[in-house]
Amino acid sequence: MSASLPSISLMTEAATISPLALFMQADVVVKLVMLGLLFASIWTWAIILSFAAKLSKTKKASDKFEQDFWRTDDIDRFYDLHDRSHLPSAKVFAAGVKEWRRSTKGPAVDREGTRDRLSTAMSAAVAFEVDHLSDRLNVLATVGSVAPFVGLFGTVWGIMRSFTSIAAENNSSLAVVAPGIAEALFATAIGLFAAIPAVVAYNRFSHGINRLEARLNRFADGFYTTLSRELEASR
């Protein structure tokens, strides 16, 4: 009979350090920290999943758009087919065509001025599309940098509560100190759980955005070269 007592004791201790038990036993401040970090973690994963899907979809659509563009023989007709597209490559293409039409509609064409305006218009379109795509990355950066410190605040508060319990009960046994320390460390764990995926995803998505920006710049340069040749041929 006595041999079974340690196992019962261990089961009871294991139950008291479960995540739900730690949350329920925590101080109201630590609870607020945990809830805030849990919300940040859920928000982070929602952004990660949606952003990954968006980047993948944009890449596949850009592949098809650019292949179709370089195969076309009629740029004006191609523009009429894609002028309402929200694809970044299509937006850069549309910016070049609109500037081309504005700059060449008069009887006298300023070729050097047209080249400068084309370059500026498409560069601005690339910058705008990159800013638009990377709009929610700042959330990942914020969570990745702030969440560990919020968790650390919960840790400090939990440890302070443990020392207060020692002073109130005049007892420094592990039974008095352990609950507060466990709650504190749990807050730190939630902070890291929110921060680590955010930092990894931010770095990965930043790399993807940089690659997309380089791709848009290559497309803009190729289209600029095509229009520049048209200017030369119109002399």
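Residues numbered from 1 in each chain as written. Predicted model: local features only at pLDDT ≥ 70, side-chain atom pairs only at ≥ 80, totals over all residues. Heavy atoms only, no water.

Draft legend 1. Geometry of the pattern of salt bridges. Applying the stated criterion across every chain, the model contains 9 salt bridges. Residue aspartate 76 is joined to arginine 101 by a salt bridge in which the shortest nitrogen-to-oxygen separation is 3.3 Å. In this pair, aspartate 76 is assigned in helix α4 (residues 75–82) and arginine 101 in helix α5 (residues 88–104), connecting sequence segments 25 residues apart. The network of salt bridges with common partners includes Lys59, Asp63, Glu66 and Arg215. (Salt bridge = Lys/Arg side-chain N within 4 Å of Asp/Glu carboxyl O. Helix = DSSP H or I, 4+ residues; strand = E, 2+ residues; numbered from the N terminus.)

Draft legend 2. Structural context of a nonpolar patch on the surface. A cluster of nonpolar side chains, contributed by Phe149, Leu152, Phe153, Val156, Trp157 and Met160, occupies part of the molecular surface with about 600 Å² of accessible area. As for its placement among the helices and strands, leucine 152 is situated in helix α7 (residues 137–169). (Patch = residues over 30% accessible without salt bridge, like charges linked within 9 Å, V, L, I, M, F, W, Y side chains within 5 Å. Areas by Shrake-Rupley, 256 points an atom, 1.4 Å probe, with all protein chains shown as cover.)

Draft legend 3. Quick look at a negative patch on the surface. A cluster of acidic side chains, namely Asp73, Asp74, Asp80 and Asp83, defines a negative patch on the protein surface. As for its position among the elements, aspartate 73 is in the loop between α3 (28–71) and α4. (Lys, Arg positive; Asp, Glu negative; His and termini not counted. Charge placed at Lys NZ, Arg CZ, Asp CG, Glu CD.)

Draft legend 4. Quick peek at the nonpolar core. Val92, Phe93 and Phe205 are the most contacted members of the largest nonpolar core, which has 48 residues in total. Of all the secondary-structure elements, those providing two or more residues to this core are α3, α4, α5, α6 (111–133), α7 and α8 (174–233). It is α8 that provides the largest number of residues to this core, a total of 16 residues. When residues no more than four places from it in sequence are discounted, the contact partners of phenylalanine 205 are Ile48, Phe51, Ala52, Leu55, Leu137 and Leu140. (Core = buried A, V, L, I, M, F, W, Y, C linked by side-chain atoms within 4.5 Å. Buried < 20%, exposed > 50% of the residue type's maximum accessible area, 1.4 Å probe, protein only. Contact = heavy atoms within 4.5 Å.)

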